[in-house]
Amino acid sequence: MRHRVALTLALLGLPLAAQDITGGLQTGLSLPVGDFKDKSDAGTNQFFGAHIGGHLDFNLTPHHQVRGHLTYHNFPGSGWGGGADIQNEYKVLQVGADWVYHFQSPSQGWYTIAGASLNSIKDDYSGVRFSGSASQSGKIGLRGGGGFTFNRMFSLEGTLNQVFVDKNGNDGFLFDTATWAQVSAVFRFGR
C-alpha cells in the first residue's frame, strides 16, 4: 500500500516538475470590510490590517498559472466604546491555490486571479473587566482580483477575500463572513 501511495504521488508530481516554477513573497495591507470591520462589538472597528506570506507559481502555459500560497493576516482592533469598551483583534492563517491568467506573459502585463483557500481565524477580544478568544479552523474562503506585473521580479495586485465563518456557538464571531480587500506587493525569485 505504501508503494502505491508513493508511486501515485510521484506520477502526479511529474507534470508539475517539468513546468516553470518560481516562488516569492507578498506583503501589504489587509483592509476589513462589511461586518468584519463594522459589526458593533464584533468587528475590528479599524480600517487597516497587514499581511505577509509566500507563494509558489507553476507556469502551465504562457498565459495560465497555478499559484499555491500561505499568508498570515493581522487585523488589529480598536475599542467600540460604551460601558464594556470591547476590542477585537483578528489573526488569519490562510493556505490556498489560485488560478492566474496573464494577458501577456507571467513576466509582464495585467493578470486576473481566482482562488480558494482554507483558513484558521482567531479573535482575541477584551473589554473593561474581561478578555478571551474564539477560533475557527478549516473555514473555506474564496478570492478574486487582479494585478500588474512590472517585470519578472515585481508585481502589484489586489484581491477581495471572503471566508465563511460560524456566526453562533462558543467560538462564533457574530457574523457569517469575514471579508477583506488585500493590496500586495509581490516579489518573485527564480527564473
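These remarks concern the structure in this document.

1. Notes on unusual backbone geometry
Inference 1: With phi around 70°, D41 is a residue other than glycine that occupies positive phi space.
Inference 2: With respect to the helices and strands, the residue D41 is situated in the loop between α2 (35–38) and β2 (49–59).
Inference 3: On the basis of relative accessibility, which here comes to 35%, the residue D41 falls in the partly exposed class.
Inference 4: The phi torsion at N45 lies on the positive side, around 55°, for a residue other than glycine.
Inference 5: Topologically, N45 is positioned in the loop between α2 and β2.

2. What to know about the pairing of strand β6 (residues 131–151)
Inference 1: Relative to β6, strand β5 (residues 109–126) runs antiparallel, the two sharing 17 bridges. Residue pairing for β6: S117 is matched across the bridge by G141.
Inference 2: Counting the residues between successive antiparallel strands, the hairpin from β5 to β6 contains four residues.
Inference 3: Pairing geometry for β6 and strand β7 (residues 154–164), over ten bridges, is antiparallel. Looking at the pairing, F148 lines up with L156 of β7.
Inference 4: Hairpin connection of β6 to β7: two residues between the antiparallel strands.

Rules used in this analysis
Starting from 1, residues in each chain are numbered consecutively following that chain's sequence as written. Only residues with pLDDT of 70 or above have their local features reported here, since the model is predicted, and side-chain atom pairs are shown and tallied only from 80 upward, although totals for entire chains, interfaces and linings are computed over all residues. Here the side-chain values reflect all heavy atoms present in the structure, with hydrogen atoms and water set aside. Numbering goes from the N terminus for both helices and strands, where a helix is a DSSP run of H or I of at least four residues and a strand is a run of E of at least two. Think of it in three bands: residues with accessible area under 20% of the maximum for their type are buried, residues over 50% are exposed, and the middle band is partly exposed, with areas taken using a 1.4 Å probe on protein chains only. Two strands qualify as a pair provided that DSSP identifies no fewer than 2 bridges between them.

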